[in-house]
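In case you want the letters, here they are:
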Amino acid sequence: EKGVYDHYMLKEIDEQPAVIRKLINAYTTISGDTRIDEQLLERILASDRLYIVACGTSWHAGLVGKEIIETLAEIPVEVHLSSEFGYHMPILSEKPYFIFLSQSGETADSRQVLVTVNKKGYDSLTITNVNGSTLSREATDTLLLHAGPEIAVASTKAYTSQIAVMTFLARALGVKKGIQAACRFDVAYEMGLVANGMDQLISEKHEYDRYSREYFLNHAHAFYIGRGLDYAVALEGALKLKEISYIHAEGFAAGELKHGTIALIEEGTPVLGLITNQATAAHTRGNLMEVASRGARTIVVAAEELASEGDDIVLPSVHPLLRSLVSVVPLQLLAYYASLQRGLDVDKPRNLAKSVTVE
Ligand code: M6R
């Protein structure tokens, strides 16, 4: 139940560090090894390509998961929207393996793909919060998110727990393959730092009330930009904002703005830039300067290691591969307060249901 909270969404944002700690216990041993069924790992390693299939926020988590799996396990990964994939399947690799990401495990668009996958006789894994859900029952294997019930329509803790579970899985696969990047990656320790970092951001949540008022209150449009993993998080941050505050928000690859979207920038348009990747930090800062010179009100969210003076939000230090797990928290909080400030129904936004059971 909501307890001391006015809304489930804020409660669920707050629960994220505890969920990460729970996942450390569920998916690692005391000695720091990953704890995932060996046969499941073997089934995945028998494939030559992973296809992650999901909708909405779960699809956004898949985009982050792709990078983590490719880095730690060196297996190629494609990420697809369920509603597109089912009827427009690309030419599959010789030995495809399917991963369904679904908080509820009941999303009809994803189930429709699983039915096809089963007909074709391929193995699959559902990563879900709900044991015994349809997608869990119908897939070959299941890994649980252990996030506890998520009630708010806007998904928060399911997103971070999906990324975390994919990280444990990627680590286990990489170690089994003997990949150095995975063997060196102390996943329990790094996830512990993530949980602490989330705690720090959440303890300063009232700051985001102020930021949200300052950045978004009098605006109908907002843009979130980033590159690589930051682009994936930009998409998620923008979805959170539009879903519950009804502000028109779009996530863009930072380098793409100048190929068209920059025409939308007006005096005062909020543009939030995520900077957590060293290789692209300078370019994204350049893109922020381009929009600022056309009147945008820029908001910089930067990793501590890459922060410059004057950056608005500086993220606590975590492993570079796991920065999405902390960078999303300020965006969740900004969306929450933007909705609250507009007097909207935070937990039950208009036109939306918690689980979408029609195609
Ligand atoms: O239960 P699922 O993860 O399959 O749901 C997928 C989407 O419907 C869901 O993530 C939706 O986008 C959320 N409302 C976003 O906050």
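Computed from a predicted model, the values in this text were never measured in an experiment.

**Examining the packing of helix 2 (residues 16-27) against helix 10 (residues 187-203)**
Geometrically, a packed helix pair is captured by the angle between its two axes and the distance between the axes.
Inference 1: Viewed as axis vectors pointing N to C, helix 2 and helix 10 meet at an angle of 170°, and their least axial separation amounts to 8 Å. With respect to their mutual orientation, helix 2 and helix 10 come out roughly antiparallel. Between helix 2 and helix 10, the residues in contact are Gln16, Pro17, Ile20, Arg21 and Ile24 and Ala188, Met191, Gly192, Ala195, Asn196, Met198, Asp199 and Ile202, respectively.
Inference 2: Here the contact of helix 2 with helix 10 is composed, by residue class, of eight nonpolar, three polar and two charged.

**Quick word on the packing of aromatic side chains**
Inference 1: Taken as a whole and assessed by the stated rule, the structure comprises 11 aromatic pairs.
Inference 2: Pairing Phe98 with Tyr122 gives two aromatic rings, centres 5.7 Å apart and planes at 35°, and the pair type is tilted. Of this pair, Phe98 sits in strand 3 (residues 96-102) while Tyr122 sits in the loop between helix 6 (108-119) and strand 4 (124-128); the two residues are 24 residues apart in sequence, bridging distant segments of the chain.
Inference 3: The rings of Tyr208, Tyr211, Tyr215, Phe216 and Tyr224 are connected pair by pair, giving a single aromatic cluster.
Inference 4: The ring of Tyr211 carries Arg210 above its face, with NZ or CZ at 5.1 Å from the centroid.
Inference 5: If you follow Arg350 out to its NZ or CZ, it ends over the ring of Tyr246, 3.8 Å from the centre.

**Notes on the pattern of salt bridges**
Inference 1: Enumeration according to the criterion identifies 20 salt bridges in this entry.
Inference 2: Where Glu207 meets Arg210, a salt bridge forms, and the shortest distance between an N and an O atom there is 3.0 Å. With Glu207 and Arg210 both in helix 11 (residues 205-216) and three residues apart, this pair spans about one turn of that helix.
Inference 3: A residue is classified by how much of its surface remains accessible, and Glu207, at 35% relative accessible area, is partly exposed.
Inference 4: Classification of Arg210 by relative accessible area gives partly exposed; the value is 43%.
Inference 5: The network of salt bridges with common partners includes Glu207, Arg210, Glu214 and Arg297.

**Digging into the sheet that holds strand 5 (residues 141-144)**
Inference 1: Pairing within the open sheet is parallel, and its five strands lie in the order 2-1-3-4-5. Edge strands, defined here as strands with exactly one partner in the open sheet, are strand 2 (77-81) and strand 5. Sheet twist, expressed as the average angle between the axes of neighbouring strands with direction ignored, equals 20°.
Inference 2: With five bridges joining them, strand 1 (residues 49-54) and strand 2 adopt parallel strand pairing. Residue pairing across strands places Ala54 opposite Leu81, the latter belonging to strand 2.
Inference 3: Each of strand 1, strand 3 and strand 4 is contacted by helix 6, which is oriented at about 155° to strand 3, the strand it contacts most.
Inference 4: The strands touched by helix 8 (residues 157-177) are strand 1, strand 3, strand 4 and strand 5; relative to strand 3, the strand with the most contacts, the crossing angle is about 150°.

**Brief notes about the packing of helix 2 against helix 8**
Inference 1: The geometry of helix 2 relative to helix 8 is characterised by a closest axis approach of 10 Å and an angle of 25° between their N-to-C directions. Classed by the angle they form, the pair helix 2 and helix 8 counts as roughly parallel. Both helix 2 and helix 8 take part in a crossing whose hand is right-handed. Across the interface between the two elements, Gln16, Val19, Ile20, Leu23, Ile24 and Tyr27 from helix 2 touch Lys157, Thr160, Ser161, Ala164, Val165 and Phe168 from helix 8.
Inference 2: Its residues placed into classes, the contact of helix 2 with helix 8 shows eight nonpolar, three polar and one charged.

Procedures and definitions
Residues numbered from 1 in each chain as written. Predicted model: local features only at pLDDT ≥ 70, side-chain atom pairs only at ≥ 80, totals over all residues. Heavy atoms only, no water. Axes fitted to C-alpha atoms, helices over the stretch in contact; angles between N-to-C directions. Helix = DSSP H or I, 4+ residues; strand = E, 2+ residues; numbered from the N terminus. Parallel < 35°, antiparallel > 145°, perpendicular 65-115°, else oblique. Contact = heavy atoms within 4.5 Å. Nonpolar A, V, L, I, M, F, W, Y, C, P; charged D, E, K, R; others polar. Phe/Tyr/Trp six-rings, centres within 6.5 Å; stacked < 30°, edge-to-face > 60°. Lys NZ or Arg CZ within 6 Å of the ring centre and 35° of its normal. Salt bridge = Lys/Arg side-chain N within 4 Å of Asp/Glu carboxyl O. Buried < 20%, exposed > 50% of the residue type's maximum accessible area, 1.4 Å probe, protein only. Pairing = 2+ DSSP bridges. Left-handed = near helix turned anticlockwise from the far one by under 90°.

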